[in-house]
Amino acid sequence: MTDKLTLEIITPEGFTFTEEVDELTAPGTMGEFGVLPGHAPFMTTLETGAITYKTGNTSKQVVVKAAYAQVIDDHVLVLADSAELKQ
């Protein structure tokens, strides 16, 4: 088990985002959920909204639309119709 997660977001438009993060929260269709290193594997759909991730004391967001998320082996893969880094 590592102490980081790899967050990877891919869209058909060519937007690709990859970052090592400490934790994240995402807008699941059944409610918001969080992922920490060592999380059990699962797959879900995401509502349009912000994925918030933390690295150290810094929080950042990526807004996704119509997405699927897979968590496996400390790797979170998000396939989204669109994604935009929020400043």
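First, a word on scope: everything that follows refers to the structure included in this document. (Residues numbered from 1 in each chain as written. Predicted model: local features only at pLDDT ≥ 70, side-chain atom pairs only at ≥ 80, totals over all residues. Heavy atoms only, no water.)

## Remarks on the packing of aromatic side chains
Next, step 1: Overall, the coordinates contain two aromatic pairs when judged by the stated rule.
Next, step 2: Between Phe 17 and Tyr 53, the ring centres sit 5.6 Å apart and the planes meet at 50°, which makes this aromatic pair tilted. Pair noted here: Phe 17 is in strand β2 (residues 16-21) and Tyr 53 is in strand β6 (residues 49-55), with a separation of 36 residues, a long-range link.
Next, step 3: A relative accessible area of 8% means that Phe 17 is categorised as buried.
Next, step 4: With a relative accessible area of 3%, Tyr 53 lands in the buried category. (Phe/Tyr/Trp six-rings, centres within 6.5 Å; stacked < 30°, edge-to-face > 60°. Helix = DSSP H or I, 4+ residues; strand = E, 2+ residues; numbered from the N terminus. Buried < 20%, exposed > 50% of the residue type's maximum accessible area, 1.4 Å probe, protein only.)

## A closer look at the side chain of Thr 6
Next, step 1: One can find Thr 6 in strand β1 (residues 5-10).
Next, step 2: Separated by 2.6 Å, the side chains of Thr 6 and Glu 20 make a polar contact.
Next, step 3: Apart from the residues lying within four places of it in its own chain, the contact partners of Thr 6 are Thr 18, Glu 19, Glu 20, Asp 74, His 75 and Val 76. (Polar contact = N/O pair within 3.5 Å; in protein donor to acceptor, adjacent residues only side chain to side chain. Contact = heavy atoms within 4.5 Å.)

## Re the environment of Val 63
Next, step 1: Within the secondary structure layout, Val 63 lies in strand β7 (residues 58-72).
Next, step 2: Residues Val 63 and Ile 51, spaced twelve residues apart in sequence, show a C-alpha to C-alpha distance of 6.1 Å.
Next, step 3: In this structure, Val 63 is in contact with Gly 49, Ala 50, Ser 82, Ala 83, Glu 84 and Lys 86, ignoring residues within four places of it in sequence.

## Details of the pairing of β2
Next, step 1: When β1 meets β2, the two strands line up antiparallel, connected through six bridges. Residue pairing in the sheet places Thr 6 in a bridge with Glu 20 of β2.
Next, step 2: The antiparallel pairing of β1 with β2 creates a hairpin that spans five residues between the two strands, and Gly 14 there sits at a positive phi of about 100°. (Pairing = 2+ DSSP bridges.)

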